[in-house]
Amino acid sequence: MSSNRPNHSIPRVSPRAYAYVQEVLNFGFHNAHSVGMTARLEREFAARMGQKHGIAHCNGTATLQSALLAAEVGVGDEVIVPAFTVFSTPAAALQCGAVPVVADVDSQTWTIDVADIRRKLSPRTKAIIPVSICGLMPDMDPIMEIAGEHGLVVIEDNAQGYLCEYQGRLSGSIGHFASFSFQASKTLTCGDGGILISSDDALALKARRAATIGFRDLSIRPGDTVVPEELRCRPDYKRHSSLGWNQRLPEVACAVALAELERIDELVAMRVACGEAFNEVVDRCDWLRPQRVPPGYRHTYWTYPVKIERDDVPWSEFRRRFVELGGDGFYGAYCPAHLEEVFGNLTEAIRTQPERYPHWAPYWPDYGEGLCPVWEAIQPKIAMLKTNYFDTNEIEQQADVFERTIRSFS
Ligand SMILES: Cc1ncc(COP(=O)(O)O)c(C=O)c1O
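Residues numbered from 1 in each chain as written. Predicted model: local features only at pLDDT ≥ 70, side-chain atom pairs only at ≥ 80, totals over all residues.

**Q** Which residues make up the nonpolar core, and what are the values?
**A** Counting 114 residues, the largest nonpolar core has Leu68, Val79, Ala127, Ala255 and Ala257 as its most contacted members. Among the elements that make up this core, the one with the highest residue count is helix H9 (residues 251-261) (8 residues). Both domain 1 (15-263) and domain 2 (265-334 + 374-407) contribute no fewer than three residues apiece to this core. Leaving out residues up to four positions away in the same chain, Leu68 has contacts with Val73, Val79, Ala92, Ala93, Cys96 and Ala127. (Core = buried A, V, L, I, M, F, W, Y, C linked by C-beta atoms within 7 Å. Buried ≥ 20, exposed ≤ 12 C-beta atoms within 10 Å, placed from the backbone. Helix = DSSP H or I, 4+ residues; strand = E, 2+ residues; numbered from the N terminus. Domains from an automatic or database assignment. Contact = placed C-beta atoms within 7 Å.)

**Q** Go over the packing of helix H1 (residues 15-27) against H9, please, and point to the residues and values.
**A** At a minimum axis distance of 8 Å, the contact between H1 and H9 shows a crossing angle of 150°. In terms of their interaxial angle, H1 and H9 are classed as roughly antiparallel. The hand of the H1/H9 crossing is right-handed. Within the contact between the two elements, H1 uses Arg16, Ala17, Tyr20, Val21, Glu23 and Val24 and H9 uses Glu251, Val252, Ala255, Val256, Leu258, Ala259 and Glu260. Class assignment for the residues of the contact of H1 with H9 results in 9 nonpolar, no polar and 4 charged. (Axes fitted to C-alpha atoms, helices over the stretch in contact; angles between N-to-C directions. Parallel < 35°, antiparallel > 145°, perpendicular 65-115°, else oblique. Left-handed = near helix turned anticlockwise from the far one by under 90°. Nonpolar A, V, L, I, M, F, W, Y, C, P; charged D, E, K, R; others polar.)

**Q** Kindly report on the site of the ligand, identifying the contributing residues and their values.
**A** With respect to spatial proximity, 14 residues lie near the ligand, and among them Asn59, Gly60, Thr61, Ala159 and Ser181 are the closest. Tallied by class, residues from the shell around the ligand come to 3 nonpolar, 10 polar and 1 charged. (Near = placed C-beta within 6 Å.)

**Q** Hey, could you go over the sheet that holds strand E3 (residues 99-103) for me, with residue numbers and the actual values?
**A** Backbone-to-backbone hydrogen bonds pair the strands of a sheet. The strands run either parallel or antiparallel. Ordered by their spatial adjacency, 7 strands build an open sheet running E1-E9-E8-E5-E4-E2-E3, and the pairing between neighbours is mixed. Each of the sheet's edge strands pairs with one partner strand only, and the pair in question is strand E1 (53-57) and E3. Across this sheet, the average inter-strand angle for adjacent strands is 25°, counted without regard to direction. The pairing of E1 with strand E9 (residues 194-198) spans 5 bridges and is classified as antiparallel. Residue pairing across strands places Gly54 opposite Ile197, the latter belonging to E9. Contacts between helix H2 (residues 37-49) and the sheet are confined to E1, strand E8 (177-181) and E9, with E1 contributing the most and set at about 125° to the helix. (Pairing = 2+ DSSP bridges.)

**Q** Describe the sheet that holds strand E7 (residues 169-170), listing the residues and the values that go with them.
**A** In spatial order, the strands read E7-E6-E11; together these 3 strands make up an open sheet with antiparallel pairing. Only two strands of the sheet have a single partner each, and these edge strands are E7 and strand E11 (297-298). The sheet contact formed by strand E6 (residues 165-166) and E7 spans 2 bridges and is antiparallel. When the bridges of E7 are listed, Tyr166 appears paired with Arg169.

**Q** Outline the pairing of strand E14 (residues 382-386), listing residues and values.
**A** Relative to E14, strand E12 (residues 303-308) runs antiparallel, the two sharing 5 bridges. The partner of Lys307 across the bridge, within E14, is Ile382. Across 3 bridges, strand E13 (residues 330-332) lies against E14 in antiparallel orientation. The partner of Gly332 across the bridge, within E14, is Ala383.

In short, geometric facts, not functional conclusions.
Dropping the structure here:
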């Protein structure tokens with residue numbers, strides 16, 4: 001494959017991260033004071049993504065748990081999640097004592113299907129978690145409309161969705177909450193971490209407390225994760241007014257995440273360059289179908305998913321040849337969420353010991369096959385190509401291998 005694009009490479013870790021980490025280390029670790037990296041990260045991240053408040057977390061699963069806790073989602077409630085997601089999304093609902101209700105995906109975009117959300121609403125529905133899967137946002141306007149009609153909280157799961165766009169709006173700027181992950185494979189990473197953003201003052205404050213063991217005297221001010229010493233030192237001081245987890249992100253990690261945030265456009269541009277190079281290859285093939293990007297959307301390609309539509313090209317043989325020709329490997333799409341073994345095991349446990357699961361027993365749905373037929377049919381045929389390259393030469397080389405792999409089946 002030939003390309004006229006000039007070669008471009010960026011470092012794997014932002015050079016600024018070293019200086020910011022050094023600042024944290026020079027200051028040292030103190031109970032009540034810090035050099036302010038959490039505050040800077042929370043302020044700058046929320047502003048960049050179009051919300052008022054940011055709450056740094058230890059990962060992008062914890063963010064979902066805090067959001068659900070803040071929205072008072074619990075026993076007897078249902079949370080609608082898509083069938084195509086990482087298990088963190090339904091797990092967060094389960095961990096709050098709620099029941100995840102799995103909605104099917106659109107047959108072209110593979111994001112949550114709005115019609116199936118409507119079908120799966122019930123009087124117990126309390127929240128929806130739409131996911132920007134692979135870097136493509138779901139159809140957010142009708143989702144927000146449904147939420148408005150039924151008084152639901154919408155938590156955007158953008159672990160994979162940095163700077164995606166939907167009708168001129170950025171991922172993270174639409175839901176009542178939006179969650180992001182800084183895990184090692186993500187577009188913005190500090191190894192592990194995450195952040196929750198919101199413009200709702202009351203919800204954001206509740207999420208701050210949910211992420212910080214329910215300390216009463218915390219505010220939503222950036223970086224306000226520690227109760228002032230004058231209060232905390234007193235023997236008559238009652239510290240905890242609500243139930244919360246402890247999900248803070250260490251300052252060292254905040255320092256790295258802040259440096260990466262400051263070059264987020266560059267990080268996203270690399271992923272998009274890779275997505276576009278793969279798109280050019282797929283455009284020349286009539287049996288590979290990419291994720292459809294509707295008009296008005298920007299896909300930012302956390303990964304590049306493509307559906308193999310030829311029955312005589314098995315997924316495993318396609319991967320074998322890709323690797324043999326010098327490809328970097330690729331992943332299959334995650335098992336449809338409702339077919340993960342954990343649901344089967346919980347179903348069995350609830351059936352045999354209902355007294356141990358009184359919070360779920362009356363509400364537990366059937367998670368069997370057939371619940372999300374669209375995604376169940378597509379999922380086995382998906383190849384998710386890696387896009388985490390930091391050098392456009394490497395991207396061109398992978399695109400070339402991809403093209404030669406396709407040709408090997410002609
Ligand atoms: C869609 C989605 N949601 C949530 C998460 C959870 O993020 P973390 O690994 O930071 O907990 C991930 C991470 O893989 C993800 O891809």
